[in-house]
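Coordinate analysis (summary)
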Amino acid sequence: MTLATERPTADQVLARIAELQPLLEKNAAQGEADRRVVEESITALTDAGAFKIAQPRRYGGYGLPVRAMLDVSSAVAEADGGTAWVVALSNVCAWLAGLFSVQAQDDIWGANPDAKVSGVLAPTAETTKVDGGWRVTGRWYYNSGSWHADWAGLGIPLTDERGEVVDQGMALLPRTDLGFEDTWFVAGMRSSGSNCLIADDVFVPGHRVMSVPPAIGGQYPNGEPEEDLFRAALVPVLTLVLAGPQLGLGRKALKLVKEKAGRKPVSYTTYATQADSVAFQLQLAEAAMRIDTAHLHAYRAADDIDAASAGTYPGVEARARTRADTGWAVENITRAVDILLSAHGAGSFADVNPLQRIWRDSAVAARHAIAAPAVNYEVYGKALLGREDQITPLV
C-alpha cells in the first residue's frame, strides 16, 4: 500500500507545532489533572503530522531522520512536557514497528494510516508456542501514551514447543486485544498516561514478532526498506529519543527565567531586579551553557545515527557513545533546570508557575532506566576499554 501524498519537511512540521504551542500550553494543567493528554491536543497534533515523523512513507508517514524526532518532541515540550513525552514515544514506537515485516506493518497501518503505537521493551510476560505464533499473557508497565495508542509493541520471552525460553522478542498487539489498568500516579510527566497494558492468553502470529538480539545488531525482518531511517541502529534510536522532551523543557525554563529577570527583585538584597545581580547573571550563563551542551551532544548522536543508517551499521563503541551522549544531555538539562529554579527563587514552586511543572516533568523523565546517566557512562566506559563484562545487551 502506498499513499501518494506530499510529505512536509521537518521545518514545516515545526512551524505547525509553533502555532499549536499556545493551545498545548493552555491544556497542560488539565492534562496533569486528568493524568492524560487532553484529546483536543492529541487531535491538533495528529492533524499537524506530529505523530508521523518516523512512520514509513508507504503509509503516509514522513520517514524523517532521527534529528527530526528530537526537534519535534522538544518543540512540543516548550508547551508541555507530558504531551512531548507522548509524541516522542509514539514516534519511536512507530519507527520500531517499521522494523517488523511488511505484513505486520500492513496490519497496523493498512486500514488506519493514523494508527498510533505505544511500547515497552521489558519482557514481563509468559508465552506458549503454538501453531503459527505464540499465546501471550503478561502485564507491561509503563506504556506512555497508552490512552491514545491503537497498537502496542511489547517485550515477550520466546519459548519453544517444550516451553523453554529460547529467545527474547518484541510482539505487536492491537489495543483491542489488551486490557488496561490505570496505574500512573506520579510526581511528574503526569499527562503521559504511562499506564499498564494487560494480555490474557492473546494469540500473536509469528509475522508480528521480532527477535531482539539480532535486531540489536541491525538484522531486522523488514527486508529492504525504502527509507534509510529503518536501517538505523536499534538501541541508539530507542535511547536518544528520550532526550528530545528534555531539550524543550530546558529551553522553556531558560526563557521563563530570562523574561522575569528584568522585573523580579532579589529578595533581601539591594537589587531591584535579578538582571542587575552578578550572581544571577553567572547562574543564568551556566544554565544556558549546560542547555547548549545538552543540545550539542544530542544532535551529534542524532547525526551519527542518521549518517550510519545510510551506510555501515555502527559498532558497539559507537552505539555505546549514543547512550553516553543521551545521559550527558539529560544530566546537563537536569542541572540547568535546578540552577534556573534556584536563580528564579522560591516563587518557582508556586502552583501557578510553569517552572515547577517543568522541574517535575524533567526530573521524572530523567530517571527513565535507559537514559540514566551513570549507567550509560558505565556502558560507554566498558565499550571504550573493549571489556567483555558489559552490564546490558542493550547497546
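Structure: above.
Description of the structure in this document. The model shown is predicted, which means the values in this text are computed figures rather than measured ones.

Bringing the pairing of strand β5 (residues 165–174) into the picture now. Pairing of strand β4 (residues 151–159) with β5, which is carried by nine bridges, proceeds in the antiparallel orientation. Across the sheet, the residue bridging to I156 is G169, located in β5. Joining the antiparallel neighbours β4 and β5 is a turn of five residues, in which G163 adopts a positive phi near 90°.

Before going further, it helps to spend a moment on the environment of E40. As for its placement among the helices and strands, E40 is situated in helix α3 (residues 39–48). The class for E40 is partly exposed, based on a relative accessible area of 42%. Spatially, the C-alpha atoms of E40 and E164 are 46 Å apart, while their sequence positions differ by 124 residues. Residues in contact with E40, not counting those within four places in the same chain, are L23, K26 and N27.

This part is about the packing of aromatic side chains. Within this structure, the stated rule accounts for six aromatic pairs. With a centroid separation of 5.4 Å and an interplanar angle of 40°, the aromatic rings of Y59 and W109 are classed as tilted. Of this pair, Y59 sits in the loop between α3 and α4 (66–77) while W109 is found in helix α6 (residues 102–109), placing the two residues 50 residues apart along the sequence. With a relative accessible area of 1%, W109 lands in the buried category. Measuring from centroid to centroid gives 4.6 Å for W147 and F180, while their planes differ by 55°, and the two rings are tilted. Pair noted here: W147 is in the loop between β3 (133–143) and β4 and F180 is in strand β6 (residues 179–181), with a separation of 33 residues, a long-range link. The rings of Y141, Y142 and W184 are connected pair by pair, giving a single aromatic cluster. When the ring centre of W147 is taken as reference, the NZ or CZ atom of R36 above it lies at 4.1 Å. Seen from the ring of F51, K116 lies directly overhead, with NZ or CZ sitting 4.9 Å from the centre.

Rules used throughout
- Residues numbered from 1 in each chain as written.
- Predicted model: local features only at pLDDT ≥ 70, side-chain atom pairs only at ≥ 80, totals over all residues.
- Heavy atoms only, no water.
- Pairing = 2+ DSSP bridges.
- Helix = DSSP H or I, 4+ residues; strand = E, 2+ residues; numbered from the N terminus.
- Buried < 20%, exposed > 50% of the residue type's maximum accessible area, 1.4 Å probe, protein only.
- Contact = heavy atoms within 4.5 Å.
- Phe/Tyr/Trp six-rings, centres within 6.5 Å; stacked < 30°, edge-to-face > 60°.
- Lys NZ or Arg CZ within 6 Å of the ring centre and 35° of its normal.

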